[in-house]
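Secondary and tertiary structure notes
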Amino acid sequence: MPMIKTRDGTQLYVKAWGQGPAVVLIHGWPLNADSWDPVMNALAGAGYRAIAYDRRGFGRSDQPGHGYDYDTFADDLADVLAATDARPGAALVGFSMGGGEIARYLSRHGADGIGRVALVSSVVPFMAKTEDNPDGVPQETFNQMTEGMLADRAKFMAGFIKDFYGVGLLAQPVSDEQRALSWNHAMQAGLLPTLAAAKAFATTDFRGDLASFTVPTLVIHGTGDKTVPIEATGRAVARAVPHAMLVEYSGAPHGVFATETERLIADLTDFLAGRRPDDRQAAIDAVTAQMLITPNV
């Protein structure tokens, strides 16, 4: 490390911080592994070995002209797990399109050696709007994204990142500097990988992969997510995977790793330790409610 070679010869950038049980974090589109840095740092401080890698075509990894499909992405994840000796007992945490790697990995490679998984603002199980998936995103939206990237990718990404973080006239959930950082991450990727990966997460149907979620599963999703709507994704997973714990972040946008950083870290560390994040939030809500009923004088 920091570079590992996958089975098809692609070099992936990998970083690992801390000592302890492995937690592998898979980044979202169009970012790279550095988007996980605050979470990685916290996990390393909490006694875990936090591992993150740049997806092929993104960040510091190679940009081959092929392999931007979820079977290959899942094989890349398998190669990262092997190269980092993350198994047995590895936890997998996938943000946005990174949730797709987890779903396809579990169905393609099995859950042996995987202790638990978390889907954060994930595209699983199916993003596209179809007759049997009416809450999905219309194809016209994906077409407009492609047209925008082909016309002026730098400008498109600036607007996309605003929506990603829920930035509006009155809402400023992140700083201008955070948006600039995410734009820089996005522009490190190649155009071909950016387009091909977008097509992959927009069209891949993971509903058939859900039966492979046999380990403890946490689903975190913002109810205000306009990039990956919760009804077709987070709530759909909770309905299809009976043992999955769904934790909804009221009003939160897509990029919760930056807008809800402390809560996300707390929920992930609770889950990794075998505690229920919703129990902790329920306790906080109960204390808050009691304070409103009997305020201090």
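Keep in mind the model is a prediction, meaning the values are calculated, not measured.

1. Details of the overall build of the protein
Scanning the protein from N- to C-terminus turns up ten helices and eight strands. For 297 residues, the compact-globule formula gives about 19 Å, and the C-alpha radius of gyration of the protein, at 18 Å, lands near that figure. The dimensions of the protein, computed from C-alpha atoms along their principal axes, are 65 × 45 × 40 Å. By the burial criterion, 53% of the 297 residues in the protein qualify as buried. Residue pairs at least 24 apart in sequence account for 75% of intrachain contacts in the protein once pairs closer than 6 positions are excluded. As presented, the protein carries roughly 12,400 Å² of accessible surface, and 53% of it is formed by carbon and sulfur atoms. Side-chain charges in the protein split into 25 positive and 34 negative, and the spacing between the mean points of these groups amounts to 1 Å.

2. Remarks on helix α6 (residues 191-203)
Every α-helix winds through 3.6 residues per turn, so residues three or four apart in the chain are directed the same way. With 13 residues, α6 should cover 18 Å at 1.5 Å per step; its first-to-last C-alpha distance of 18 Å lies within 8% of that length. Here the buried face of α6 lies against α2 (70-83) and α4 (139-164).

3. Regarding the packing of α4 against α6
Their axes nearest at 11 Å, the elements α4 and α6 cross at an angle of 150 degrees. By the angle between their directions, the pair α4 and α6 is classed as roughly antiparallel. At the point where α4 passes α6, the crossing takes the right-handed sense. The segment α4 lies against α6, with Phe142, Met145, Thr146, Met149, Leu150, Arg153 and Met157 engaging Leu191, Thr194, Leu195, Ala198, Phe201 and Ala202. Classifying every residue of the contact of α4 with α6 gives ten nonpolar, two polar and one charged.

4. With respect to the pattern of salt bridges
Applying the stated criterion across every chain yields a total of 21 salt bridges. Ionic pairing is found between lysine 15 and aspartate 37, a salt bridge with its closest N-O pair at 2.5 Å. Placement of lysine 15 in strand β2 (residues 11-17) and of aspartate 37 in helix α1 (residues 37-45) is noted, with a sequence separation of 22 residues between them. Judged by relative accessible area, which is 24%, aspartate 37 ranks as partly exposed. With a closest N to O distance of 3.0 Å, aspartate 71 and arginine 104 form a salt bridge. Taken as a pair, aspartate 71 in helix α2 and arginine 104 in helix α3 (residues 98-109) lie far apart in primary sequence, 33 residues in all.

5. Observations regarding the packing of α4 against helix α5 (residues 176-187)
Put simply, α4 and α5 touch, their axes get as near as 10 Å, and they point 135 degrees apart. In terms of orientation, α4 and α5 fall into the oblique class. Once α4 is placed against α5, the crossing between them reads as right-handed. Facing α4, whose interface residues are Arg153, Ala154, Met157, Ala158, Ile161 and Lys162, α5 presents Arg179, Ser182, Trp183, Ala186 and Met187. A class-by-class count of the residues in the contact of α4 with α5 yields seven nonpolar, one polar and three charged.

6. Topic: the layout of surface pockets
Its volume calculated, the largest pocket comes out at about 440 Å³. Lining the largest pocket are 23 residues, and of these Phe160, Asp163, Phe164, Lys226 and Thr227 sit closest to its centre. A per-element tally of the lining of the largest pocket places α4 first, with eight residues. Across the lining of the largest pocket, the residue classes break down as 13 nonpolar, seven polar and three charged.

7. Re the pairing of strand β5 (residues 90-95)
With six of six residues buried, β5 lies mostly within the body of the structure. Alternating residues of β5 divide into Ala90, Leu92 and Gly94 and Ala91, Val93 and Phe95, and every residue in both groups is buried. Examined bridge by bridge, strand β3 (residues 22-26) and β5 share four bridges and lie parallel to one another. By the bridge assignment for β5, isoleucine 26 is matched with glycine 94. With six bridges connecting them, β5 and strand β6 (residues 114-120) associate as parallel partners. Across the sheet, residue alanine 90 finds its bridge partner in β6, namely isoleucine 114. Handedness of the β5-α3-β6 crossover: right-handed.

Rules behind the numbers
Residues numbered from 1 in each chain as written. Predicted model: local features only at pLDDT ≥ 70, side-chain atom pairs only at ≥ 80, totals over all residues. Heavy atoms only, no water. Helix = DSSP H or I, 4+ residues; strand = E, 2+ residues; numbered from the N terminus. Rg over C-alpha atoms; globule rule 2.2 N^0.38 Å. Buried < 20%, exposed > 50% of the residue type's maximum accessible area, 1.4 Å probe, protein only. Contact = heavy atoms within 4.5 Å. Areas by Shrake-Rupley, 256 points an atom, 1.4 Å probe, with all protein chains shown as cover. Lys, Arg positive; Asp, Glu negative; His and termini not counted. Charge placed at Lys NZ, Arg CZ, Asp CG, Glu CD. Expected span 1.5 Å × (residues − 1). Axes fitted to C-alpha atoms, helices over the stretch in contact; angles between N-to-C directions. Parallel < 35°, antiparallel > 145°, perpendicular 65-115°, else oblique. Left-handed = near helix turned anticlockwise from the far one by under 90°. Nonpolar A, V, L, I, M, F, W, Y, C, P; charged D, E, K, R; others polar. Salt bridge = Lys/Arg side-chain N within 4 Å of Asp/Glu carboxyl O. 1 Å grid on protein atoms, 1.4 Å probe; cavity = no way out; pocket = protein on both sides within 12 Å on 5 of 7 lines; lining within 4 Å. Points joined across faces, edges and corners; volume = space filled by probe spheres on them. Pairing = 2+ DSSP bridges. Right-handed = clockwise from strand over helix to strand, strands pointing away.

Interpretation in functional terms is not warranted from these geometric data alone.
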